[in-house]
Amino acid sequence: MNKDRKSRDRQDWVYGIVDARESGKIEATYDFERNAIDIVGAEPGSTKTVRSYERASGKPKVTSSVPSTGTTMKAFDYVVAIDTNSRMIGGKKCAVCFSYFAPKCLSAYEDRIPFLPLTAYFIIGINDTENPERIGWHLTLTRNIIPAYRADHGRIAVVSDSELGLHTQINARKVGYYDNQMLPDWATIVYGSDKERDTLQGAMLALCHQGADRLLNELEKLPEPFAKQTGGDGAYEGFAEVRFKR
């Protein structure tokens, strides 16, 4: 019992890349007001705060990874969470991408942050080599977030539980978030886990996951689930926006 409790203790780690070849040392400072550790001279875009716990095997399990020097989501102005669940339907690999968003700037909330459904997409005929999650990112960004973005919106966190190993490169615009598409300069991919429902990113992802599963269950029942699709781009055959009442 004690061992299990200890293995679930969360720890925050701050990472960054520093060229210390000349000085031979690495410096860090702690900001009490922001509750943040700053790594002096870190490469732009390389710093991140990672929360994890130790599994029974001794290996760490990452529950969140925020590319900033702060430990809360309020380092960003707005947040959207996106989760994509896949399933074979009618002999085709399909998926539903479901997203939630906080309707106001995060600084407007003192404590609890409400969030609402944003949109959902039914993705049809996905190639085996493609990650449905990244298709979901692309549809949500290009069809819902980018068209509504204004210069005064500030920084937007895009929360996902996929492709953690690529987040640093995607956020540094060294690789595309989808094919060769680079992330907009005002957006940042943030990692979260739907198992961590006491965090904003985890709670949002949990509802995204549940919503995607429910829609897949309903779509499986339709006699013609592929009737209203729009053409895809080679990575998948097509997609349809799922209309629902908020």
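Look above for the structure.
Fair warning: this is a prediction, and the values are worked out from it, not measured in the lab. In every chain, residue numbers begin from 1 and rise along the written sequence. Residue-level local features of this predicted model are given only where pLDDT is at least 70; pairs of side-chain atoms are given and counted only at 80 or more, and the full residue set underlies all totals for whole chains, interfaces and linings. Hydrogen atoms and water are omitted, and side-chain values are computed over all heavy atoms in the structure.

> Summarise unusual backbone geometry; cite the residues concerned and give the values.
The phi dihedral of Glu163 falls on the positive side, at around 60 degrees, and the residue is not glycine. Inspection of the secondary structure puts Glu163 in the loop between strand E9 (156–160) and helix H3 (167–171). Using a 1.4 Å probe on the protein chains alone, a residue whose accessible area is under 20% of its type maximum counts as buried, one over 50% counts as exposed, and one in between counts as partly exposed. In this structure Glu163 comes out as partly exposed when scored by relative accessible area, which is 24%. Positive phi, normally seen in glycine, also occurs at Arg173, with a value near 60 degrees. Secondary structure elements follow DSSP: runs of H or I of four or more residues count as helices, runs of E of two or more count as strands, with numbering from the N terminus. Here Arg173 lies in the loop between H3 and strand E10 (187–192).

> Can you lay out the environment of Ile17 for me, pointing to particular residues and giving the numbers?
By the element assignment, Ile17 lies in the loop between strand E1 (11–15) and strand E2 (28–31). Each C-alpha atom, one on Ile17 and one on Lys48, is 10.0 Å from the other, the two residues being 31 residues apart in sequence.

> Outline the pairing of strand E8 (residues 116–126), supporting the account with residue identities and numerical values.
Burial analysis of E8 places 10 of its 11 residues in the buried class, the great majority of the element. Two strands pair under a simple rule: DSSP has to find at least two bridges between them. Direction of pairing for strand E7 (residues 92–101) relative to E8: antiparallel, over a ladder of 7 bridges. Residue pairing for E8: Phe98 is matched across the bridge by Ala120. Here E8 runs beside strand E12 (residues 236–241); their pairing, made up of 5 bridges, is antiparallel. From the neighbouring strand, Ile126 faces E12, where its bridge partner is Tyr236.

> Please provide a residue-by-residue account of the nonpolar core, values included.
Residues Met73, Val79, Val96, Phe122, Val159 and Val190 are the most contacted members of the largest nonpolar core, which totals 30 residues. If you list the elements that add at least two residues to this core, you get strand E6 (78–89), E7, E8, E9 and helix H4 (200–221). Counting residues per element, this core draws most heavily on H4, which supplies 8 residues. Here, two residues are considered to be in contact whenever any of their heavy atoms come within 4.5 Å of each other. Leave out the neighbours within four places in its chain, and Val190 touches Ser65, Val66, Pro67, Met73, Phe76, Ala157, Val158, Val159, Ser160 and His167. Ranked by size, the runner-up nonpolar core spans 25 residues in total, among them Val80, Leu139, Ala187 and Phe239. As used here, the term nonpolar core means buried Ala, Val, Leu, Ile, Met, Phe, Trp, Tyr and Cys residues forming a set that is joined through side-chain atoms within 4.5 Å.

> Explain empty space enclosed by the protein residue by residue, including any values.
Unfilled space is identified by rolling a water-sized probe across the atoms. Think of a 1 Å grid over the protein atoms and nothing else: a 1.4 Å probe that fits but is trapped marks a cavity, an open set flanked by protein within 12 Å on at least five of seven lines marks a pocket, and residues with an atom within 4 Å of a point count as lining. Grid points are joined across faces, edges and corners, and a volume is the space filled by probe spheres set on the points. Counted by the stated rule, this structure contains 1 cavity of 30 Å³ or more. Reported here for the largest cavity is a volume of approximately 90 Å³. Lys48, Pro67, His167, Thr168 and Asn171 are the residues nearest the centre of the largest cavity, which is lined by 11 residues in total. With 3 residues, the single largest contributor to the lining of the largest cavity is H3. Each residue gets one of three labels, nonpolar for Ala, Val, Leu, Ile, Met, Phe, Trp, Tyr, Cys and Pro, charged for Asp, Glu, Lys and Arg, and polar for the others, Gly among them. Tallied by class, the residues present in the lining of the largest cavity amount to 3 nonpolar, 7 polar and 1 charged.

> Break down the pairing of E9 for me, with residues and values.
Judged by how many residues are buried, E9 sits mostly within the fold: 5 of 5 residues are covered. In the sheet, E9 pairs with E10 via 5 bridges, with the strands oriented parallel. Among the inter-strand pairings, Ala157 is bridged to a residue of E10, identified as Thr188.

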